Amino acid sequence: MVTAAALLVAACGGSQQEGGDTSAASPSASASTISPSDMTDQQQPPNRLTIDVTIQGGNVTPTNAALQGKVGEPIVLRVNSDVADELHVHSVPDHTFPVEAKPNQQFQFTVEVPGNVEIELHDMNRVVASVQVRQ
Amino acid sequence: MTSEPTLDVLAHGLGGSTDLPIPYTYALLGAAWALTATFAVVALAWRKPRFDENRPGRPLPLWVTSAVDAPVTRWIVAIVALLLTAWIAMAAFFGPQNADNPLPGVFYVLIWVGLVAVSWAIGPVWRAISPARTLYRLLRLDRRGSRPPYPARLGYWPAAFGLFAFVWLELASPDPGSVGAIRTWLLVYLVVTFAGAVWFGQRWFARADPFEVYGVVASRLSALRRNRDTGRIVIGNPFDHLPTLPVRPGTVAVLSVLLGSTAFDSFSAMPVWRNFVDDAAGSAVTATLLKTAGLAVFALVVAGTFTAAARATGGVDRQRRRELPGLLAHSLIPIVIGYVFAHYLSYLIERGQQTVILLADPLQRGWNLFGLGDTEVSYLLSMHPSVLATLKVAFVVAGHMAGVVAAHDRALKLLPSAHQITGQLAMMLVMVGYTFTGLYLLFGG
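Note that the structure is predicted; figures quoted are calculated from it, not measured.

Undergrad: Quick question: what am I supposed to make of the overall build of chain B here?
TA: Summing up its helical and strand segments, chain B has 19 helices and three strands in all. Against the globule reference of 22 Å for 445 residues, chain B gives a C-alpha radius of gyration of 22 Å, in line with a compact fold. Dimensions of chain B, computed from the C-alpha atoms along their principal axes, are close to 70 × 55 × 40 Å. When each of the 445 residues of chain B is scored for burial, the buried share is 47%. For chain B, restricting intrachain contacts to residue pairs at least 6 apart in sequence, the fraction spanning at least 24 positions comes to 83%.

Undergrad: Hey, could you run me through the overall build of chain A in this one?
TA: Along the backbone of chain A there are three helices and nine strands. In chain A, the succession of helices and strands from N to C terminus is α-α-α-β-β-β-β-β-β-β-β-β. For chain A, the residues scored as buried account for 27% of the 135 residues in total. Restricting the contact set of chain A to residue pairs at least 6 apart, pairs at least 24 apart contribute 54%.

Undergrad: Help me out: how do you make sense of the sheet that holds strand β5 (residues 85-90) of chain A in this one?
TA: The strands making up a sheet associate through hydrogen bonds between their backbones, and the pairing can be parallel or antiparallel. Residue and element names in this part refer to chain A. Read across the open sheet, the five strands follow the order β3-β9-β8-β5-β6; overall the sheet is mixed. Among the strands making up the open sheet, the edge pair consists of β3 (65-70) and β6 (95-99). In this sheet, neighbouring strand axes are inclined to one another by 20° on average, regardless of whether the strands run parallel or antiparallel.

Undergrad: Looking at this structure, I do not really get the interface of chain B and chain A. What am I missing?
TA: The accessible area lost on association of the parts is a frequent measure of interface size. Listed per partner, the contact involves 20 residues of chain B and 21 residues of chain A. For the side of chain B that touches chain A, the elements supplying multiple residues, two or more each, are α13 (271-280) and α17 (380-383) of chain B. Broken down by class, the residue content of the side of chain B that touches chain A amounts to ten nonpolar, six polar and four charged.

Undergrad: Just checking my understanding: could you explain unusual backbone geometry for this structure?
TA: Comment: phi is negative for the bulk of residues other than glycine, and the bulk of peptide bonds are trans. Residue and element names in this part refer to chain A. Between Thr 61 and Pro 62 the backbone carries a cis peptide bond, its omega angle lying at -10°. Looking at where Pro 62 falls in the secondary structure, it is placed in the loop between β2 (59-61) and β3. At the junction of Val 92 and Pro 93, the peptide bond is cis and its omega measures out at -5° in the coordinates. Mapping Pro 93 onto the fold places it in the loop between β5 and β6.

Undergrad: Looking at this model, I keep getting lost on helix α6 (residues 131-138) of chain B. Mind explaining?
TA: Two residues of an α-helix separated by three or four positions point the same way, owing to the 3.6 residues in each turn. Residues and elements named next belong to chain B. Of the residues making up α6, those classed as buried are Pro 131, Ala 132, Arg 133, Thr 134 and Tyr 136. Where α6 is buried, its residues contact α3 (71-94), α5 (126-129), α8 (179-200) and α9 (203-208). Once α6 ends, the next one or two residues include Arg 140, with phi positive near 55°.

Undergrad: Explanation requested: the pairing of strand β1 (residues 49-56) of chain A in the structure shown.
TA: Looking along a regular strand, one sees side chains alternate from face to face of the sheet. Residue and element names in this part refer to chain A. In β1, alternate side chains face the same way, and those of Leu 49, Ile 51, Val 53 and Ile 55 are buried while those of Thr 50, Asp 52, Thr 54 and Gln 56 on the opposite face are not. Across seven bridges, β1 lies against strand β4 (residues 75-81) in parallel orientation. When the bridges of β4 are listed, Thr 50 appears paired with Val 76. The sheet contact formed by β1 and β2 spans three bridges and is antiparallel. Across the sheet, Gln 56 pairs through a bridge with Asn 59, a residue of β2. Where β1 hands over to β2, the hairpin turn is made up of two residues, of which Gly 57 adopts a positive phi near 55°.

Undergrad: Help me understand the nonpolar core in this model?
TA: Soluble, globular proteins show a tendency: their nonpolar side chains are buried together. B:Leu163, B:Val254, B:Leu259 and B:Val336 are the most contacted members of the largest nonpolar core, which has 112 residues in total. Among the elements that make up this core, the one with the highest residue count is helix α18 (residues 385-414) of chain B (15 residues). For B:Leu259, the residues in contact, after removing those within four places along its chain, are B:Val302, B:Leu332, B:Ile335, B:Val336, B:Tyr339 and B:Tyr434. Listed in part, the 22 residues of the second largest apolar core include A:Ile51, A:Val53, A:Leu77 and A:Val99.

Undergrad: Quick question: what am I supposed to make of the confidence of the model for chain B here?
TA: Any region with low pLDDT has predicted coordinates that should not be read closely. Residue and element names in this part refer to chain B. When pLDDT is averaged along chain B, the result is 89; 97% of the residues meet or exceed 70. When the criterion is pLDDT under 50, residues 1-11 qualifies, and its contacts beyond four places in sequence or with other chains add up to 32 contacts. With pTM at 0.86, the complex prediction returns an ipTM value of 0.81.

Undergrad: Teacher, can you tell me more about the packing of helix α14 (residues 284-311) of chain B against helix α15 (residues 318-328) of chain B here?
TA: Helix-helix packing is described using two parameters, namely the angle between the two axes and the distance between the axes. Residue and element names in this part refer to chain B. Axis separation between α14 and α15 bottoms out at 8 Å; the angle between their running directions is 120°. One finds that α14 runs oblique with respect to α15. Seen from above, α14 lies across α15 with right-handed handedness. Note on element contacts: α15 touches α14 through Arg 321, Leu 324, Pro 325 and Leu 328, opposite Phe 306, Thr 307, Ala 310 and Arg 311.

Undergrad: Mind showing me how you'd approach helix α4 (residues 103-122) of chain B here?
TA: All names here are of chain B. Here α4 contains 20 residues, and its C-alpha end-to-end distance of 25 Å is more than 12% below the 28 Å for a straight helix at 1.5 Å per residue. Roughly 35° is the biggest bend found in α4, and it falls at Gly 114. Within α4, 14 of the 20 residues are buried, leaving the element largely enclosed by the surrounding structure. The first or second residue beyond α4 is Gly 123, which carries a positive phi of 120°.

Undergrad: Looking at this model, I keep getting lost on the sheet that holds β1(A). Mind explaining?
TA: Residues and elements named next belong to chain A. Taken in spatial order, the four strands line up as β2-β1-β4-β7 in an open sheet, and their pairing is mixed. Edge strands, defined here as strands with exactly one partner in the open sheet, are β2 and β7 (105-109). Taking each pair of neighbouring strands and ignoring which way they run, the sheet shows an average axis angle of 20°.

Undergrad: Is there a simple way to explain the packing of α6(B) against α8(B) in this structure?
TA: All names here are of chain B. Where α6 contacts α8, the axes come no closer than 9 Å and their chain directions differ by 40°. Classified by the angle their axes make, α6 and α8 are oblique. Here α6 and α8 pass one another in a crossing that is right-handed. Where α6 abuts α8, its residues Ala 132, Leu 135 and Tyr 136 lie against Leu 190, Thr 193, Phe 194 and Ala 197. Class assignment of the residues belonging to the contact of α6 with α8 gives a composition of six nonpolar, one polar and no charged.

Undergrad: Can you walk me through the environment of B:Ala34 in this structure?
TA: Residue and element names in this part refer to chain B. Within the secondary structure, Ala 34 is located in helix α1 (residues 24-44). On a C-alpha basis, the gap between Ala 34 and Gly 105 in space is 33 Å, while along the polypeptide they are 71 residues apart. Filtering out sequence-adjacent residues up to four positions away, Ala 34 remains in contact with Val 397, His 400, Val 432 and Thr 435.

Undergrad: What is the right way to read the environment of B:Ala329 from this model?
TA: All names here are of chain B. Positionally, Ala 329 belongs in the loop between α15 and α16 (332-359). We classify Ala 329 as buried; it has 27 C-beta atoms within 10 Å. Sequence separation of Ala 329 and Thr 251 is 78 residues, and the distance between their C-alpha atoms is 7.1 Å. With near-sequence residues (within four places) excluded, Ala 329 lies in contact with Leu 245, Val 247, Thr 251, Val 252 and Leu 255.

Conventions adopted
- Residues numbered from 1 in each chain as written.
- Chains lettered and ligands numbered in written order.
- Predicted model: local features only at pLDDT ≥ 70, side-chain atom pairs only at ≥ 80, totals over all residues.
- Helix = DSSP H or I, 4+ residues; strand = E, 2+ residues; numbered from the N terminus.
- Rg over C-alpha atoms; globule rule 2.2 N^0.38 Å.
- Buried ≥ 20, exposed ≤ 12 C-beta atoms within 10 Å, placed from the backbone.
- Contact = placed C-beta atoms within 7 Å.
- Pairing = 2+ DSSP bridges.
- Axes fitted to C-alpha atoms, helices over the stretch in contact; angles between N-to-C directions.
- Nonpolar A, V, L, I, M, F, W, Y, C, P; charged D, E, K, R; others polar.
- Core = buried A, V, L, I, M, F, W, Y, C linked by C-beta atoms within 7 Å.
- pLDDT = per-residue confidence, 0-100.
- Parallel < 35°, antiparallel > 145°, perpendicular 65-115°, else oblique.
- Left-handed = near helix turned anticlockwise from the far one by under 90°.
- Expected span 1.5 Å × (residues − 1).
- Bend = angle between axes of the 7 residues up to and from the residue.

What follows is the structure, given as structure tokens:
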């Protein structure tokens, strides 16, 4: 009985590592898009905002996510996609990234002027996230 | 890059970021000020009407009026504007069909917001620069003899529809940033404006051109105006100027479209609404229909609440009650302008600069008109978000206060003395409602 419970916990921890860790570290709604390494690793001097984007079968996750960022700090988009598309980042300056139909693509940019930056999948016509970039 | 337009549905068809939401405390402070001011006005302010549209004002030197009205000035301004229109048309047709085209910036920033700022500062300028009017004068069409009179009951309704068509393109259409879409809109606008004038004469411009009517509305808050008897340019209290807004069929509709669309602009950026549209709409067409409905609902709510509040008084007969919304419509002008500036100030200043820079090289051939290509956009406002947030709240609250003051003063004139306080309560509450909603939307919900 006890072993079974322990196994279950372990299984849970293993399979849902990312979601479990982040929700424990930060209760905010945006937690699931911040990778655990950014939350825990204090050795890493430049803070980054990492957004995991999945495009599968005509669906995008996340959509319309509300996130927070900082001026001058890198924002990383990690994209798994089964279709080609284009990511548009509406910031100053603007950025456009070509998305290919393959997993583990990574795009990085920084925002120089504070504002509400929308990240949009162009062909699918979906807003992935709005990042409030502050100083 | 292909020639396909690559702009997106966001940010009014322009690239770049949007304003950060205002901080919660700012919204609260603004709301508290608006509420306090409203009650102060209702409970403590003057009991005799103070503002009078027939007050002469302080005349400016005679040469100012002569210079402004001189045919040579008018022709120079009109021809320069016509050449600028040709320049922009060249960019629209032959320039790059993407974010480097100045057309979206000219359309959504310089015309839509810039016109309000200029009209507020110096008066209704669209009449002087309107390319359709200039063409009409150049072709000497006013010489034509018999024309059907412009139907009085149409009033400003054509302009209200034109304004709705504008905000529809900006906020509800599938691709507001597409150069092709804006070009088509402007061509239809020019044809309708010009053909109507050929049919009805110049009055069509004054009643049906959405930009001209918008400019007239904004100009009523200006300190500069004309003496109604002599036509001389005078400077005076804007509150004396506000009630000169012509009351015609459609006046309330014009103001409702302006206020409702600005609110919808904020609302449609909220995740709640976006998720709803994403989930409910299977295709781009249904998404557009949903957004159109949302936009229309916002305008209708403003029109409905304002009309109901203006009529909610005792002691007037049925005829008077029906007239009241129109007679009070001018009190919405400061609210509209305050709200427009709160929303679009950073757009006007920062995207305005960007547009002017793009206009220096409309075909992307390395032209560098007036050395503008070497300049860079200054993001001074966006770099200081707290200053920007303060300005936004200040615009909303100042617009609200001015609206309340104007409505109070007019109520003293229009309502029978026994109902002057109770008769304006509903209007005050509705205005507080507009302002709270506006601040809530600026705060981001």
